[in-house]
Amino acid sequence: MRFSLRLILIGTVAACAPMLPEPPLPGPAPAPAPVQTDPAPAPATTPPVAGPTDQAGFDGWKQGFLARHGGDRRARYERELAGLTPDPSVIRLDRNQPEFSRPAGAYVQNAVTATRIAQGRQRTDRVPWAVVQRYGVPSEILVAIWAQESAFGQVQGDNDVIRSLATLAYDGRRRDWAEGQLKHALDIVVDGRRSRDGLKGSWAGAMGQTQFMPDNYLRLGVDETGDGKVDIWGSDADALASAANLLAKAGWKRGQGWGYEVVLPSNFDYSDAEGPRHPWSYWAARGVTLAHGGAPNAAEAGEEATILLPQGARGPAFLALPNHYVIRRYNNSVSYALAIGLTADGIQGKPGLVGTWPDDAPMSRDQRIGAQRALTVLGYDTQGIDGVIGANTRAALRRWQMATGRLADGYLTAELADELIRRAG
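About the criteria used
- Residues numbered from 1 in each chain as written.
- Predicted model: local features only at pLDDT ≥ 70, side-chain atom pairs only at ≥ 80, totals over all residues.
- Heavy atoms only, no water.
- Axes fitted to C-alpha atoms, helices over the stretch in contact; angles between N-to-C directions.
- Helix = DSSP H or I, 4+ residues; strand = E, 2+ residues; numbered from the N terminus.
- Left-handed = near helix turned anticlockwise from the far one by under 90°.
- Contact = heavy atoms within 4.5 Å.
- Nonpolar A, V, L, I, M, F, W, Y, C, P; charged D, E, K, R; others polar.
- Buried < 20%, exposed > 50% of the residue type's maximum accessible area, 1.4 Å probe, protein only.
- Pairing = 2+ DSSP bridges.
- Salt bridge = Lys/Arg side-chain N within 4 Å of Asp/Glu carboxyl O.
- Core = buried A, V, L, I, M, F, W, Y, C linked by side-chain atoms within 4.5 Å.
- Expected span 1.5 Å × (residues − 1).
- Phe/Tyr/Trp six-rings, centres within 6.5 Å; stacked < 30°, edge-to-face > 60°.
- Lys NZ or Arg CZ within 6 Å of the ring centre and 35° of its normal.
- Polar contact = N/O pair within 3.5 Å; in protein donor to acceptor, adjacent residues only side chain to side chain.

## Some details on the packing of helix α7 (residues 114-123) against helix α17 (residues 334-348)
Contact geometry for α7 and α17: axes closest at 9 Å, N-to-C directions at 65°. Pair α7 / α17 crosses with right-handed handedness. Residues Arg116, Ile117, Gly120 and Arg121 of α7 lie in contact with α17, whose contacting residues are Thr343, Gly346 and Ile347. Here the contact of α7 with α17 is built from residues that sort into two nonpolar, three polar and two charged.

Below, the structure written as structure tokens:
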């Protein structure tokens, strides 16, 4: 039983590393500094890591890294990198992140379960009240992140963080970001903040119970227990306070939720979805209603919000408030942010979704890349061909849907991807 439970836990949190789609839509909430995610990935500049035969190339990259980033710490960095080999599993996982390869409904339903909600309710008192007061982030949101990132600390990842980040940097798809994170990880060890053998995390270098990247650990980690160290691995209080600090610095708005499920009128203009943001009065005037009735509170009603259709016109629709985008500063994925928000709602005792998720098939990476390439060839620039169906790709798809007389919900299915690929030749 213990073995099967661990497999389930690993399946639910295995991809809780920073995802890297196009940046979210700009909004009025302040965003002081980058947090858990980095900019949209750059095209690969070196071949993917295939295995031990790449060691010579890896060693060449390592010397380049030391020359670029070593400075007066070069000898100490070199000592920590000695004998390192690339990890091919890291590249395989990087190419198939579930937030972006699976339909939103499949991801959300796997994350937002009755069991997880019940477990979350049992743990809300583990969030120190002083943390909630100081940062203004509800305990339910913090517990939902704790659940999604590490199954409440039970599955934190046992990868060598330095090896994982070195592999991603060598692969080149996200070289600048990965080299920056690698330097921060090396600094954690060199400065004595954490031993090398204790610097464990996910395949993408995210660490501890709330899966912080090294830069965020250094910049936003909180020693809530006051013992002189930031222990996001072993201390619930440190991990949860650090997550609250991250969200607060990203612009979390006190007294407001993340969003609401909404019902759209039959004549709704789907091209308005994921577009310019408007206050609740704008959407209400166009026939949008909250799925469970009522209205947003006064503070929420005055905020600029947008309509999200994570699985197109056939799936549930959501009014996304600024705090939704703050959650996406933790992990820049619509599916992830919805999973956190809906889990928190469940912990608070709010009712579940009214709408149902379509049972759409997942798309392969070839289909995602092929659809992006096809849209660009057809004159609808996706502003990058990286296999991540982010806001820019959805906007390009909407333009193509409008030009071809289709319902412009910006939702890419496997069937539509195949059609686009055929049309582009």
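## Let's talk about unusual backbone geometry
The backbone of Gln211 sits at a positive phi, close to 50°, despite the residue not being glycine. On the secondary structure map, Gln211 appears in the loop between β2 (200-201) and α12 (214-220). Positive phi, normally seen in glycine, also occurs at Gln383, with a value near 55°. By the secondary structure assignment, Gln383 is in the loop between α18 (365-377) and α19 (391-403). The exposure class of Gln383 is exposed, given its relative accessible area of 59%.

## Structural notes on the pairing of strand β6 (residues 317-320)
Of the two faces of β6, the one carrying Ala317 and Leu319 and the one carrying Phe318 and Ala320 are both buried. For strand β5 (residues 306-308) and β6, the ladder comprises three bridges, and the chain directions are antiparallel. Within the sheet, the bridge partner assigned to Leu308 lies in β6 and is Phe318.

## Brief notes about the pattern of salt bridges
Counting across every chain of the model gives 19 salt bridges. Two residues, Glu80 and Arg196, come together in a salt bridge whose shortest N-O distance is 3.5 Å. Remark: Arg196 occurs in the loop between α11 (175-190) and β2 and Glu80 occurs in helix α3 (residues 74-81); sequence separation between them is 116 residues. Relative accessible area serves as the criterion here: at 18%, Glu80 is assigned to the buried category. The exposure class of Arg196 is partly exposed, given its relative accessible area of 21%.

## Examining the nonpolar core
Ile141, Leu142, Ile162, Leu199 and Leu247 are the most contacted members of the largest nonpolar core, which has 81 residues in total. With nine residues, α17 is the largest single contributor of residues to this core. Excluding residues that lie within four positions of it along the chain, Leu142 makes contacts with Val127, Val131, Val137, Leu240, Ala243, Ala244 and Leu247. Core analysis: the next-biggest nonpolar cluster, separate from the first, contains 15 residues, Val262, Ile307, Leu309 and Leu319 among them.

## Let's talk about helix α13 (residues 236-249)
Since the α-helix advances by 3.6 residues per turn, residues separated by three or four positions end up pointing in the same direction. Between the first and last C-alpha of α13 there are 20 Å, a value that for 14 residues agrees with the 20 Å anticipated at 1.5 Å per step. Of all the residues in α13, the buried ones are Asp236, Ala237, Asp238, Ala239, Leu240, Ala241, Ser242, Ala243, Ala244, Asn245, Leu246 and Leu247. On its buried face, α13 sits against α8 (129-135), α9 (139-150), α12 and α16 (322-330). Following α13 by one or two positions, Gly251 adopts a phi angle in the positive range, close to 110°.

## So, the packing of aromatic side chains
Considering all chains together, one arrives at eleven aromatic pairs under this definition. Aromatic side chains Trp146 and Phe152 sit 5.5 Å apart centroid to centroid with 85° between the ring planes, which places their arrangement in the edge-to-face category. Taking relative accessible area as the criterion, Phe152 reaches 9% and is therefore assigned buried. Note that Arg277 overlies the ring of Tyr325, its terminal NZ or CZ placed 3.8 Å from the centroid.

## Quick word on the sheet that holds β6
A sheet is described by the order of its strands in space; here four strands give the open sequence β4-β3-β6-β5, paired in antiparallel fashion. Pairing within the sheet leaves two strands with one partner each, and these edge strands are β4 (289-290) and β5. Where strand β3 (residues 259-263) meets β4, two bridges bridge the pair, whose relative direction is antiparallel. Residue pairing across strands places Val262 opposite Leu290, the latter belonging to β4.

## Points about helix α10 (residues 161-171)
Of all eleven residues in α10, ten are buried; the element is thus mostly enclosed. Among all positions in α10, only Val161, Ile162, Ser164, Leu165, Ala166, Thr167, Leu168, Ala169, Tyr170 and Asp171 are buried. By the N-cap criterion, in which a side-chain oxygen at the helix start approaches the backbone nitrogen of a residue two or three places on, α10 is capped by Asp160, the distance to Ile162 being 3.1 Å.

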